[in-house]
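# Structural features, examined
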Amino acid sequence: MTEEKNREPQKNIDETALQRSFIRLAGALTGQKSQSLGRPLTYCLTTFGCQMNEKQSEAVAGIMDEIGYQRQDSEEADVVIYNTCTVRENANLKVYGRLGHLHSLKNENPDMKIILFGCMMQEPHVVEKIKKSYPFVNLVFGTHNIFKFAELFYGMLLSDMQVVDIWEGTDQIVEDLPTERNYTFKSGVNIMFGCNNFCSYCIVPYVRGRERSRKPQAIIKEVERLVEDGVSEVMLLGQNVNSYGKTLEEPVTFAQLLRMLEPVEGLKRIRFMTSHPKDLSDELIETMAASSKICHHLHLPLQSGSSRILKEMNRRYDKEKYLTLVDKIRKAIPDISLTTDIIVGFPGETEEDFRETLDVVEKAGYDTAFTFLYSRRTGTPAAEMEDQIPEDVAKERFNRLLALVQQKGRERSSRFAGTVQEVLVEEESKEKGIFTGRTQYNLLVHFPADESLLGSYVNVRLEECKGFYYLGHLEG
Ligand code: SAH
Ligand code: SF4
Ligand code: F3S
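To keep things clear, this report deals only with the structure shown in the data block. Since the structure is predicted, the reported quantities are computational estimates derived from the model, not experimental observations.

Procedures and definitions
- Residues numbered from 1 in each chain as written.
- Chains lettered and ligands numbered in written order.
- Predicted model: local features only at pLDDT ≥ 70, side-chain atom pairs only at ≥ 80, totals over all residues.
- Heavy atoms only, no water.
- Near = heavy atom within 4 Å.
- Nonpolar A, V, L, I, M, F, W, Y, C, P; charged D, E, K, R; others polar.
- Phe/Tyr/Trp six-rings, centres within 6.5 Å; stacked < 30°, edge-to-face > 60°.
- Buried < 20%, exposed > 50% of the residue type's maximum accessible area, 1.4 Å probe, protein only.
- Helix = DSSP H or I, 4+ residues; strand = E, 2+ residues; numbered from the N terminus.
- Expected span 1.5 Å × (residues − 1).
- Contact = heavy atoms within 4.5 Å.
- Polar contact = N/O pair within 3.5 Å; in protein donor to acceptor, adjacent residues only side chain to side chain.
- Areas by Shrake-Rupley, 256 points an atom, 1.4 Å probe, with all protein chains shown as cover.
- Right-handed = clockwise from strand over helix to strand, strands pointing away.
- Pairing = 2+ DSSP bridges.

## Brief notes about the site of ligand 3
- In the region of ligand 3, the neighbouring residues are G49, C50, N53, C85, T86, V87, C119, R208 and Q239.
- Its residues assigned to classes, the shell around ligand 3 shows four nonpolar, four polar and one charged.

## Some details on the packing of aromatic side chains
- Under the definition given, this model contains 17 aromatic pairs.
- Relative to Y322, the ring of Y317 has its centre 5.9 Å away and its plane inclined at 40°; by these criteria the two rings are tilted. Of the two residues examined, Y317 and Y322, each falls in the buried class.
- Seen from their ring centres, F346 and Y374 are 5.7 Å apart, and the 75° between their planes marks the pair as edge-to-face. Note that F346 is positioned in the loop between β14 (337-344) and α12 (351-364) and Y374 in the loop between β15 (368-373) and α13 (391-413), a separation of 28 residues in sequence. Across this residue pair, the class does not change: F346 and Y374 are buried.

## Some details on α13
- Between its first and last C-alpha atoms α13 spans 32 Å; for 23 residues at 1.5 Å apiece the expected length is 33 Å, and the two agree.
- Within the span of α13, buried status applies to A394, R397, F398, L401, L404, V405, K408, G409, R412 and S413.
- Tucked inside the fold, the buried residues of α13 contact α11 (319-332), β14, α12, β15, β19 (457-465) and β20 (469-474).

## Observations regarding the site of ligand 1
- Taken together, 15 residues sit near ligand 1, with R88, Q239, Q303, D341 and S375 positioned nearest.
- Take R88: an N or O atom from its side chain is 2.9 Å from an oxygen atom of ligand 1.
- A distance of 2.7 Å separates an oxygen atom of ligand 1 from a polar atom in the side chain of Q303.
- Here ligand 1 loses 90% of its free accessible area of 540 Å² to cover by the protein chains.
- Looking at the shell around ligand 1 residue by residue, the classes come out as seven nonpolar, four polar and four charged.

## Some thoughts on the pairing of strand β5 (residues 113-118)
- Within β5, six of the six residues are buried, leaving the element largely enclosed by the surrounding structure.
- Once you follow strand β4 (residues 79-84) into helix α3 (residues 89-108) and on to β5, the crossover reads as right-handed.
- Relative to strand β6 (residues 139-141), β5 runs parallel, the two sharing two bridges. Within β6, the position partnered with L116 by the bridge is V140.

The following block contains the structure:
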């Protein structure tokens, strides 16, 4: 049996206060249970997908902590939560695969609760499958009602049935809910939600809904609070940050938002993701060049180098426009580090089209490129296109692209060999005593250090280039 929860968003209530009252109610139940068991209750939360999912997982973790659960890495926990992604088929397959394992854990501990949320749950065929084949899942919700997590969680604790609450969309942005942070010194900050671009291969606009920007004042307030709390690097997040603010009552450009954040005292680094080439303005390039805080790193997804395929992808730029943009950026910010995303095997892609992609990789000078095999997503226009590319052809092209990307990446990274770079120390690597940090160019560096340096900026001499990372030593 499934219980459908569909409380519509209500504009006339204080949603934050309401959710806080559900945190207290769930906290009381949890406290009782914990007392009767004589141990704290635990949860395990796994995030699939992009940084926006990471950020939303932090919000869910913040609420779980407030309710009184202790986080752990093992799935032998009282509550197991997956924040799902559906951008490519293998993201979905991973979740189904792991659900089988969770089922056996639940057989041993029938009180265990399993919660699925995020992008994959916005697809009706997925929810049908979970209702039918995975009835042991306790709570399912989507991307639009995450702010309601405390309420849904409390409802689930009181219910014997599978609770499902999926909204088709929302225009609400609820501010000021508790949130946990993965790092004390850096943080993602959502500046907008959703996407209006409908690239023909992409499921994101269907599962994340229409573009909604947060007000600049709310973003500035969040950044100021984070900085007060020890954060010095923020990553502004959105599917297309270059169209930030267009739908606000008082429109603001992304470059203006960046300039509003620049004066925040104690903030050292500003990053952002993702920039769509079609909306990248001269104003943004000028703002980046003039700023002392915006990192000289730009993620500028190409997707394909063939103008014909780009048109079929509905990307609204062509090869020439993309390369001209890259030139313009390099002129204004000569030390810029450029990274990209590329899809191989889009329907109808010929060997000639693919060579155009290789040509752009030759010319653009990417520091890193993330390469993906095209994945057919039900419901997107590209899934219906004729001439889907056979897997062996796509894989063969993928391998050629990867080899070129790696070779070019290595060439680009070698420009830093022997230089001293300012690095934010982020974590201890797998090897004890060796720490990992990042330069403003998003380049990873491993070097001997100690824990006291975590979260601080140090100078590191980059000695040995290992492709996408360096080995180095603290300098001075
Ligand atoms: N908003 C970002 C991308 C978000 S999805 C942008 O427009 O650039 C991250 C990446 O996943 C995309 O850049 C694309 O390269 C890849 N991707 C999206 N849909 C895909 C699909 N159906 N198959 C393979 N890769 C895909
Ligand atoms: Fe997907 Fe395109 Fe939107 Fe990026 S801009 S999320 S690729 S539809
Ligand atoms: Fe995946 Fe959703 Fe992000 S589909 S890539 S988690 S927006």
